[in-house]
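# Descriptive analysis of the structure
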Amino acid sequence: MGKKRLIFLLAITMVLVVVLSACSSKEGSDKASSASDTGETTISLWVLNDQAAYLKPILESFQKDNPTIHVEATYYGTDPLKESLKVAASSKTLPTMWFTWGGSLGAFYPENGLTMDLTETAASHKWSDIYNSAALDMVKYDNKTSGIPFHVASLGMFYPKELYAKLNLNPPTSFAEFEQQMGKIKESGITPLAVGGKGGWDVMRLTEQLLEHFAGPELHDKLNALEASWADPAVEKSFEKLKEWSDKNYFEKGFITLDPLEAETPLYQKERAYALTGPWIDTNISGAGNAPDSFGVFKFPNDQPKVRMSSFTEMFQISGSADGKEQEAAVKLGEYITGPDIVNKYIDQYGAPALKEFTFSKQSPHTSEMAGMIGDGSFLISDQALPQAVVQKLFEAQDAVVLGEWTPAQAGQEIQKAVETYKSGN
Amino acid sequence: MEETRNSTFSKVVNYILLIVLAIIFLIPILFIIMTALKSNADLVKNPVYAFPEIVKWGNFSEAWDKMSIYIRNSLFISVVKVPIGILIEALAAYALTRMNFKWANALFAFFLIGMMIPFQATLVPLNMMLNHFGLENTYPGIFMVYIGFGVPFGIMVLRGFLRSIPKELDESAFIDGCGELGKFFRIILPIAMPAIATLIILDFLSTWNEFLLAQIFITKNSMLPVTAGLLTFQGQHSNDYTLLSAGVLISIVPILVVYLFFQRYFVAGMAGAVKG
C-alpha cells in the first residue's frame with residue numbers, strides 16, 4: 001500500500017511540474033511577443049526596498065501618463081542590490097535602469113563601459129536648471145554625466161535637545177569643546193556616541209571627520225584622490241583619536257560588531273547623545289514615537305575655517321547596451337522620478353532630493369536645516385571617494401586599531417599599501 | 001542499589017543539562033515572539049526582553065499582507081523541487097550501489113565535487129547560461145540550479161543508506177520477475193523511506209531558506225521566495241524589527257510542519273550518511 005502511494009505521489013508531482021513549467025514558459029514568451037507587436041517598450045528597473053513606498057505610486061502614475069512604456073521594477077535590500085548588479089554586470093545582464101550610489105560605488109559601471117553617456121541629454125534637457133550643481137558634479141566620471149541625480153545627502157551630528165538641556169549643554173563650536181561635552185556626558189552615565197561598527201561605514205563617518213580635523217581640507221582631499229600618502233602623521237593622529245574615544249568608552253561596549261541601525265536606536269530614547277547621520281533620521285525618530293524637532297543637529301566641529309560636511313549622492317544609471325528606444329524611455333522615467341512635480345508631491349517620504357529647488361517636508365524638518373548648513377562646502381563621503389579596495393582596507397584599519405591589533409601608525413601604512421597595490425593594478 | 005542511585009543521578013544531570021540547553025535555544029525565539037507583538041515605539045522605548053505594553057496582533061496580518069505572495073512562491077518552489085531532486089538523487093544512488101559497473105566509485109567522487117565548489121564562484125556563468133537559454137525569471141531555470149546544487153549531498157546520504165540494504169533482496173526480486181525500475185520503485189525505495197524522509201526535511205529546509213541564488217536569478221518581484229520577502233522589512237536607513245519578527249515567525253511555520261511530519265524518520269535516515 002505504502003509503495004503504491006509513493007509511486008502515485010511521484011507521478012502526480014511529475015505531471016504538476018510539466019504542466020506548471022509549460023505554463024511559466026508560455027507566459028514569458030507570450031508577453032515578449034505582445035510587447036513587440038504593440039510597439040510597447042518594456043524597461044526593467046532595479047531599486048531599493050525602502051524606496052518602494054513612494055516609487056510604486058510614482059511608477060503607476062508614470063505608466064498611466066506613458067501607456068506605451070511598461071516598467072518592471074525589482075526591489076532589493078541594500079547589499080543584495082550591490083551583489084545582483086555586480087553579477088549582472090559581469091554576465092552582461094544588467095537591467096535597463098538601476099539605482100546606485102555615487103563615487104567609486106557607481107563608477108564601476110561607466111568605468112567598464114556599461115552605462116549610457118548622459119552628457120548630451122544633460123545639456124539638451126538643461127539639467128543644470130533642474131538639479132543642484134553638487135549633485136551634477138557627483139554623477140560625473142571622466143567629465144561625462146553617467147547618471148540621473150536622485151538624492152544628495154549630507155551628514156550632521158544629531159542630538160536629543162532634552163538631554164542637552166538636562167546637562168546644560170549647547171552645540172559645540174570647537175573640537176575641544178565637543179570632546180569636553182563627551183566627557184561630561186560619559187560622567188553622567190550616558191554613552192555619548194551611537195555608532196555601530198558592523199560594515200565599517202558608520203565608524204568611517206567619524207574617521208573621515210577626524211581626518212578633516214587633523215589633516216585639513218587640502219590634505220584630506222589629496223588623501224581621497226590618492227595624491228598624498230596615508231602614512232602621513234595626520235592619518236596616525238586621526239586613528240589615535242578614534243582609539244582614545246573607544247578606550248574612554250565613548251562608544252557602546254562591543255560596538256565594533258553592532259549593526260549601525262541597531263546602534264542608533266537608543267538615541268531615539270535619549271540614551272545616547274550623538275549620531276553622525278543624515279536627515280532620514282527624522283523618519284526613524286517619528287517611527288519611535290518622538291517629534292523630529294525634539295532633536296537638534298550641528299556640523300561636526302572639525303575646527304576648519306570652513307566646516308565641511310560629508311556628502312554623498314544617489315542616482316539612476318542607464319544600461320549602455322539597451323536599445324535606443326529603451327534608453328529613451330529610461331531617461332524619461334528617470335527625469336520623471338527626480339523631477340520637481342513628483343518630488344514635491346512625495347517629499348514626505350522621498351528623502352533629500354538632488355533638485356535645485358523643492359518644497360521642504362514638515363515631517364522632516366532637518367532636510368531643510370541641513371540644506372542650509374552645507375553652504376561652507378562638503379567633501380565626498382570616503383566609501384564613495386576612495387576605490388573600493390582601499391575602502392575595505394580603511395574599514396579593516398578602523399577595526400584593527402579599535403581592537404588594539406594595529407597601532408595607529410600601522411593603520412596608515414596598511415592603507416597606503418592598499419593604495420599602492422590599487423595604483424599598480426590600474 | 002548503588003547502581004540504581006547512580007543511574008537516577010545521571011538522569012537528573014542529563015535532564016538539567018537538556019533543560020538549560022533548551023532555555024538557551026528558546027530565549028532568542030522568545031525575543032522574536034515578544035518583538036513581533038510590540039509597536040515600534042514600544043520596542044525602542046522598552047528593553048528587548050520586556051513584555052509588550054499593548055499586544056499588537058496586527059503585526060502578523062500586516063506582515064502576512066506583504067509576505068503572502070512570497071510564501072506562496074516558496075511553497076511552490078519547495079513542493080516541486082524537493083521531490084524531483086530526491087527522485088533524481090535516489091535513482092543515481094541506486095545505480096551507484098546496485099548496478100555493479102566499473103567506474104561507480106569514480107562517478108560518486110565526481111558527484112561529490114559538486115559539494116566542494118563554492119556556489120558564489122558559479123553565479124556569473126550560471127547567470128549567463130540561464131540568460132542564453134531564456135530561463136532567467138522562470139521556475140524551470142531556478143529548479144535546475146537548485147537541483148544541481150542539492151544532488152551531491154542527496155546522493156551521498158542515499159548511497160550510504162542503500163549500501164546497507166542486503167543484495168539478497170535484489171536477487172529475490174529478480175527471480176520474481178522485477179526489472180531494474182521495478183526493483184527500484186517496489187523494493188529499494190520503500191525500504192529507503194527513512195533516508196528519503198530525512199532528505200525531505202533537509203532539502204525543504206535548505207530550499208526554503210535559500211536566498212542568494214533566488215535573488216540573483218529571479219528579478220521579478222512576483223516570483224521571489226520568502227527570504228526575499230523578509231527583506232522588504234529592512235531598508236537602507238531603517239529596519240522594521242516588529243514586522244520583520246512577525247514575518248520570521250510566519251515563515252518558519254511550513255518548516256515546522258514538514259519537520260513534525262517527517263521527524264520520526266530523521267535520525268534513522270541520517271545514520272545512512274555515515275554508513276560505509
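Chain B carries the name ABC transporter permease in an unreviewed UniProt entry, which gives Paenibacillus helianthi as its organism. In its Sequence similarities (unreviewed entry) section, UniProt records this for chain B: "Belongs to the binding-protein-dependent transport system permease family."

Chain A is annotated in an unreviewed UniProt entry as ABC transporter substrate-binding protein from Paenibacillus helianthi. Recorded in UniProt for chain A, the comment headed Sequence similarities (unreviewed entry) runs: "Belongs to the bacterial solute-binding protein 1 family."

In this structure, A:Leu45, A:Phe316, A:Leu333 and A:Ile337 are the most contacted members of the largest nonpolar core, which totals 55 residues. Here A:Leu45 is in contact with A:Leu59, A:Val71, A:Glu72, A:Ala73, A:Thr74, A:Met97, A:Phe316 and A:Leu333, once residues within four sequence places are set aside.

Turning our eyes to something else, we now look at the pattern of salt bridges. All names here are of chain A. In total, this model carries 16 salt bridges over all chains according to the counting rule given. Among the salt bridges present, the one from Lys-299 reaches Asp-376, with a minimum N-O distance of 3.3 Å. With Lys-299 in the loop between β10 (295-298) and β11 (309-318) and Asp-376 in the loop between α17 (365-373) and β12 (378-380), this pair connects stretches of sequence that are 77 residues apart. A cluster of three or more residues bridged by salt bridges with shared partners is formed by Glu-179, Lys-241, Glu-244 and Lys-248.

Turning our attention to helix α6 (residues 139-163) of chain B. For the α-helix, the turn length of 3.6 residues means that residues three or four positions removed from each other point alike. Residues and elements named next belong to chain B. Taking 1.5 Å per residue as the helical rise, α6 with its 25 residues ought to reach 36 Å, and the 34 Å between its terminal C-alpha atoms agrees with that figure. Most pronounced at Val-151, the bend in α6 amounts to some 40°, and the proline Pro-152 follows within four residues. Across the 25 residues that make up α6, a large majority, 19, are buried. Residue Thr-138 occupies the N-cap position of α6, its side-chain oxygen lying 3.2 Å from the main-chain nitrogen of Gly-141.

Bring the parts together and some accessible area is lost; that lost area is often taken as the interface size. Residue and element names in this part refer to chain A. The assigned domain composition of chain A is domain 1 (41-153 + 312-365) and domain 2 (155-311 + 368-424). Using C-alpha coordinates to define each centre, domain 1 is positioned 28 Å away from domain 2. Opposite the 14 residues of domain 1 that make contact, domain 2 presents 19 residues. A buried area of about 1300 Å², summed over both sides, lies between domain 1 and domain 2, and 61% of it is on carbon and sulfur atoms. Area buried by domain 1 at its contact with domain 2 is led by Ser-104, Phe-312 and Pro-365, which between them contribute 44% of it. Between domain 1 and domain 2 we count eight residue pairs in polar contact (both at pLDDT 80 or more) in total. At the level of secondary structure, the elements contributing two or more residues to the side of domain 1 that touches domain 2 comprise α4 (103-111) and β11. The element that contributes the greatest number of residues to the side of domain 1 that touches domain 2 is α4, accounting for three residues. Here the side of domain 1 that touches domain 2 is composed, by residue class, of eight nonpolar, six polar and no charged.

A word on the interface of chain B and chain A. Taken together, the contact between chain B and chain A spans 39 residues of the former and 44 residues of the latter. For the pair chain B and chain A, the summed buried surface comes to about 3500 Å²; carbon and sulfur atoms form 66% of the total. Considering only the surface of chain B that becomes buried against chain A, B:Val44, B:Gln236 and B:His237 emerge as the three largest contributors, covering 21% of it. Linking chain B to chain A there are zero salt bridges.

Another point: the sheet that holds strand β9 (residues 272-277) of chain A. Residue and element names in this part refer to chain A. Taken in spatial order, the four strands line up as β8-β9-β7-β10 in an open sheet, and their pairing is mixed. A single partner strand is all that each edge strand has here, and the edge strands are β8 (191-193) and β10. Between one strand axis and the next, the sheet turns by 25° as a mean value, whatever way the strands run. Sheet topology note: the strand β7 (residues 156-160)/β10 ladder contains four bridges and is antiparallel. Bridge assignment links Tyr-159 to a residue of β10, and that residue is Gly-296. On the sheet, helix α12 (residues 260-268) packs against β7, β9 and β10 and is oriented at approximately 130° with respect to β9. Packed on one face of the sheet, α17 meets β7, β9 and β10 and runs near 15° to β10.

With that settled, the discussion passes to the packing of helix α3 (residues 58-98) of chain B against α6(B). All names here are of chain B. Taken N-terminus to C-terminus, the directions of α3 and α6 make an angle of 40°; their axes are 6 Å apart at the nearest point. In terms of their interaxial angle, α3 and α6 are classed as oblique. As α3 packs across α6, the resulting crossing turns out to be right-handed. Partitioning the contact of α3 with α6 into residue classes produces 19 nonpolar, five polar and five charged.

Cut-offs applied
- Residues numbered from 1 in each chain as written.
- Chains lettered and ligands numbered in written order.
- Predicted model: local features only at pLDDT ≥ 70, side-chain atom pairs only at ≥ 80, totals over all residues.
- Heavy atoms only, no water.
- UniProt positions renumbered as here; feature names shortened; annotations may be inferred.
- Core = buried A, V, L, I, M, F, W, Y, C linked by side-chain atoms within 4.5 Å.
- Buried < 20%, exposed > 50% of the residue type's maximum accessible area, 1.4 Å probe, protein only.
- Contact = heavy atoms within 4.5 Å.
- Salt bridge = Lys/Arg side-chain N within 4 Å of Asp/Glu carboxyl O.
- Helix = DSSP H or I, 4+ residues; strand = E, 2+ residues; numbered from the N terminus.
- Expected span 1.5 Å × (residues − 1).
- Bend = angle between axes of the 7 residues up to and from the residue.
- Polar contact = N/O pair within 3.5 Å; in protein donor to acceptor, adjacent residues only side chain to side chain.
- Domains from an automatic or database assignment.
- Buried area = accessible area lost by both parts, 1.4 Å probe.
- Nonpolar A, V, L, I, M, F, W, Y, C, P; charged D, E, K, R; others polar.
- Pairing = 2+ DSSP bridges.
- Axes fitted to C-alpha atoms, helices over the stretch in contact; angles between N-to-C directions.
- Parallel < 35°, antiparallel > 145°, perpendicular 65-115°, else oblique.
- Left-handed = near helix turned anticlockwise from the far one by under 90°.

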